[in-house]
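Understanding the architecture of this molecule
Chain residues, written in single-letter form:
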Amino acid sequence: MGDFNVIRYEHEKISHTPPTASDLLEFNDCLFECGLDDMNCTGCEYTWHNKQDSGSAVYSKLDRVLINASWSRAFAQTPAQFLPPGVSDHSPNLVTFHGDPLPRKIFSFLNCWADHSQFCNLVADAWRCYVAGTPNVQTHG
């Protein structure tokens, strides 16, 4: 979420200078390639204002909350709310979570597994296996 400094659709800008088609296309192509879309939102339609007089005023939707399909399924009832801008030229954004995310998989361990004759060897072998991943994954072996 944040200020993307670009709009997605022509109707998201009120100005004497219309948006260029290439700006719209480039941003929308990027979102499509990344599998992202706007979160449902309420409140201020235009999230940025240049605070100029009516002849030079520009209103745009530059701030957004982008989500992927997994987020949408897990938090289907979670809207973004754009509040009035106050002293800033941007509208603050409030995301309120409703309901719980999808349940996590629960780790289960049956004590009878420890009674198996090869239990300790299997666990030791598993810990010696190389695991590729992010730097916070420690590898052994």
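Higher on the page you've got the structure.
Below, the structure is looked at part by part. Just so it is clear, the structure is predicted and the values come from calculations on it, not from any experiment.

With that settled, the discussion passes to the pattern of salt bridges. Evaluated as defined, the whole model comprises five salt bridges. In this structure, Arg64 engages Glu12 in a salt bridge whose closest nitrogen and oxygen atoms are separated by 2.9 Å. Of the two residues, Arg64 is situated in strand E7 (residues 63-64) and Glu12 in the loop between strand E1 (2-3) and strand E2 (13-14); the sequence distance between them amounts to 52 residues. Overall, Glu12 belongs to the buried group, its relative accessible area being 6%. We note a salt bridge from Arg128 to Asp125, for which the minimum N-O separation is 2.6 Å. Residue Arg128 and its partner Asp125 are located together in helix H3 (residues 119-128), separated by three residues, close to a single helical turn. According to the relative accessible area criterion, Arg128 is exposed, its value standing at 52%. In this structure, a network of salt bridges that share partners links the residues Arg8, Glu12, Asp37, Asp38 and Arg64.

Our next topic: the state of the cysteines. This model, assessed by the stated rule, comprises zero disulfides. With no disulfide of its own, Cys34 has Cys30 as its nearest cysteine by sulfur position, at a separation of 4.3 Å.

Reading the values: rules and limits
- Residues numbered from 1 in each chain as written.
- Predicted model: local features only at pLDDT ≥ 70, side-chain atom pairs only at ≥ 80, totals over all residues.
- Heavy atoms only, no water.
- Salt bridge = Lys/Arg side-chain N within 4 Å of Asp/Glu carboxyl O.
- Helix = DSSP H or I, 4+ residues; strand = E, 2+ residues; numbered from the N terminus.
- Buried < 20%, exposed > 50% of the residue type's maximum accessible area, 1.4 Å probe, protein only.
- Disulfide = S-S within 2.5 Å.

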